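# Examination of the molecular architecture
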Amino acid sequence: MRLQHYMAKSGIASRRKSESIILAGRVMVNNQIVDRLGVKVDPDRDIVHVDNRVIKMERHKIYIMLNKPVGYVTTMKNKHDQKIVLDLIRGVEERIFPVGRLDQDTSGLLLLTNDGYLAHRLTHPRYEITKVYEAVVRGIPNNSKLMKFRKGLKIDGRVTARAYVKVLKRYKDSSLLEIAIHEGRNRQVRKMCKYIGHPVIELKRISISGLALDDLPIGKWRYLTKDEVGYLSRL
Ligand code: URA
């Protein structure tokens, strides 16, 4: 965006007034004085000083819930021609990013935002945010297997925190489990299920800290409501 626009959005002055501030040589972009009009800045990368003080644009914070389909990765860039979740969010100008990860082969609730602070609060293990998954696993785990889940089991050399697990449905050769964890280790649910001898066939995240996917169709997204954002910020 144009420098004077960026300055206006940062509350420095009107656009017109910002132009005269630029022409007066009072503005630096990335430590270089800019005293002509027409220069553009990238609000996410460039550092702008006015009278030797850094200025920051007031950002419009946005919060999105996506029902991620299997086959999409939660990285920002697509390496090796993979499909990325950002491809599913059209018409949003802000630079949003996924809050935490979901494996390519996992579906379900993914939050995206441009609010780094909230993203940190939702993903840092210290805050113990509960994430609930539905997992179709091979076979039907018995009680002693489920107890291992509840007590903690060793994956990647470290014991997991206590997890909640319940068998929701029993099929002939598989079962549907509800699993709640508050850590976010790499492929944690898959590794835990494998450990007890019931590998995951399908995995879907259905809620994060009580915020549920409900009937949002697969591949679709929506903005969080004001109440939902308020609730998350109070966690
Ligand atoms: N646990 C997993 O194994 N995969 C996910 O995508 C999320 C949690």
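In case you missed it, the structure is sitting above this.
Residues numbered from 1 in each chain as written. Predicted model: local features only at pLDDT ≥ 70, side-chain atom pairs only at ≥ 80, totals over all residues. Heavy atoms only, no water.

### A closer look at the nonpolar core
Core analysis: the biggest nonpolar cluster contains 31 residues, and Leu-112, Phe-149 and Ile-179 have the highest contact counts within it. Mapped onto the domain boundaries, this core takes at least three residues apiece from domain 2 (63–125 + 211–234) and domain 3 (130–208). When sequence neighbours within four positions are dropped, the list of residues in contact with Phe-149 reads Ala-161, Arg-162, Ala-163, Val-165, Ile-179, Met-192, Cys-193 and Ile-196. Leu-118, Ile-129, Leu-216 and Val-229 belong to the second-largest nonpolar core, a separate cluster that totals 16 residues. (Core = buried A, V, L, I, M, F, W, Y, C linked by side-chain atoms within 4.5 Å. Buried < 20%, exposed > 50% of the residue type's maximum accessible area, 1.4 Å probe, protein only. Domains from an automatic or database assignment. Contact = heavy atoms within 4.5 Å.)

### So, empty space enclosed by the protein
If you walk through the whole model with that rule in mind, you get one cavity of 30 Å³ or more. Considered as a void within the structure, the largest cavity measures approximately 30 Å³ in volume. Along the walls of the largest cavity sit Tyr-63, Ile-64, Val-99, Leu-111, Leu-112, Thr-113, Leu-118, Leu-122, Leu-224 and Leu-232, which together make up its complete lining. For the lining of the largest cavity, the elements supplying multiple residues, two or more each, are β5 (63–68), β9 (106–113) and α3 (116–123). A total of three residues in the lining of the largest cavity trace back to one element, the largest contributor, which is β9. (1 Å grid on protein atoms, 1.4 Å probe; cavity = no way out; pocket = protein on both sides within 12 Å on 5 of 7 lines; lining within 4 Å. Points joined across faces, edges and corners; volume = space filled by probe spheres on them. Helix = DSSP H or I, 4+ residues; strand = E, 2+ residues; numbered from the N terminus.)

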